[in-house]
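# Structural overview for review
Chain by chain, the residues:
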Amino acid sequence: MKYIVISSVLVAVLFCSCHRNKTDIAQSSGITAEMAYEGVNNYCHSEYDWSVAAENPSIMSVTMGDETATEYKVIFRSYTGALVNFYVDKSSGKTRVVESVPALDVDSVAGTIDLLDYLDKSN
């Protein structure tokens, strides 16, 4: 009976120590530039239709923008010429989304996303 209890405890500890949730990722090391790019790129590929770029991939892109002490800027450029700016908080992964149409000089806040929802969970 003693071996069953010890085995159960060891299995529980193993599962708990291997599981990293979103909060653990953000708190342990913060968000890196690579993580910001990967998360926004994954988001853009899941939310926007990239089929129009099949013949000409250069008409749509995700690129890194400026960096401040507290956030990264990642930019999605659509085939329409519109830009979507993602401002990723370095400590939490909370991301402000601002859509911009440079030709019309129009910016609008489009909401927020949690970058950690779009990162590869195996990291």
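Keep in mind that what you see is a predicted model, and the values were worked out from it rather than measured.

With that out of the way, let us pick up the nonpolar core. Core analysis: the biggest nonpolar cluster contains 21 residues, and Ile31, Val40, Cys44, Val62, Phe76, Phe86 and Val88 have the highest contact counts within it. Within the residue set of this core, elements represented by two or more residues are helix H3 (33–47), strand S2 (71–77) and strand S3 (83–89). Of all the elements, H3 adds the most residues to this core, at 5 residues. Setting aside residues up to four positions removed in sequence, Cys44 forms contacts with Trp50, Val62, Phe76 and Phe86.

Structurally, Arg96 can be placed in strand S4 (residues 94–101). Taking the relative accessible area as the measure of exposure, Arg96 reaches 41% and is therefore partly exposed. C-alpha separation for the pair Arg96 and Thr112, spaced 16 residues apart in sequence, amounts to 4.5 Å. Excluding its chain neighbours within four sequence positions, the residues that come into contact with Arg96 are Glu71, Asn85, Phe86, Tyr87, Gly111 and Thr112. Of note is the side chain of Arg96, whose polar atom sits 3.4 Å from the side chain of Glu71.

So, about the packing of aromatic side chains. Within this structure, the stated rule accounts for 5 aromatic pairs. Between the aromatic rings of Tyr48 and Phe76, the centroid separation amounts to 4.5 Å while the plane-to-plane angle is 5°, which identifies the pairing as stacked. Remark: Phe76 occurs in strand S2 and Tyr48 occurs in the loop between H3 and strand S1 (61–67); sequence separation between them is 28 residues. On the basis of relative accessibility, which here comes to 24%, the residue Tyr48 falls in the partly exposed class. What makes Phe76 buried here is its relative accessible area of 1%. Aromatic pair Trp50 and Phe76: ring centres 5.6 Å apart, planes at 55°, arrangement tilted. Of this pair, Trp50 sits in the loop between H3 and S1 while Phe76 sits in strand S2; the two residues are 26 residues apart in sequence, bridging distant segments of the chain. Looking at Lys90, its charged tip hangs above the ring of Tyr72, at a distance of 4.8 Å from the centre.

Here we take up H3. Here H3 is 15 residues long and its end C-alpha atoms lie 21 Å apart, about the 21 Å a rise of 1.5 Å per residue gives. Residues of H3 that are buried: Met35, Ala36, Gly39, Val40, Asn41, Tyr43 and Cys44.

Of note, Leu104 is situated in the loop between S4 and strand S5 (106–114). Between the C-alpha atom of Leu104 and that of Ala82, which follows or precedes it by 22 residues, the distance is 9.8 Å.

Cut-offs used in this document
Residues numbered from 1 in each chain as written. Predicted model: local features only at pLDDT ≥ 70, side-chain atom pairs only at ≥ 80, totals over all residues. Heavy atoms only, no water. Core = buried A, V, L, I, M, F, W, Y, C linked by side-chain atoms within 4.5 Å. Buried < 20%, exposed > 50% of the residue type's maximum accessible area, 1.4 Å probe, protein only. Helix = DSSP H or I, 4+ residues; strand = E, 2+ residues; numbered from the N terminus. Contact = heavy atoms within 4.5 Å. Polar contact = N/O pair within 3.5 Å; in protein donor to acceptor, adjacent residues only side chain to side chain. Phe/Tyr/Trp six-rings, centres within 6.5 Å; stacked < 30°, edge-to-face > 60°. Lys NZ or Arg CZ within 6 Å of the ring centre and 35° of its normal. Expected span 1.5 Å × (residues − 1).

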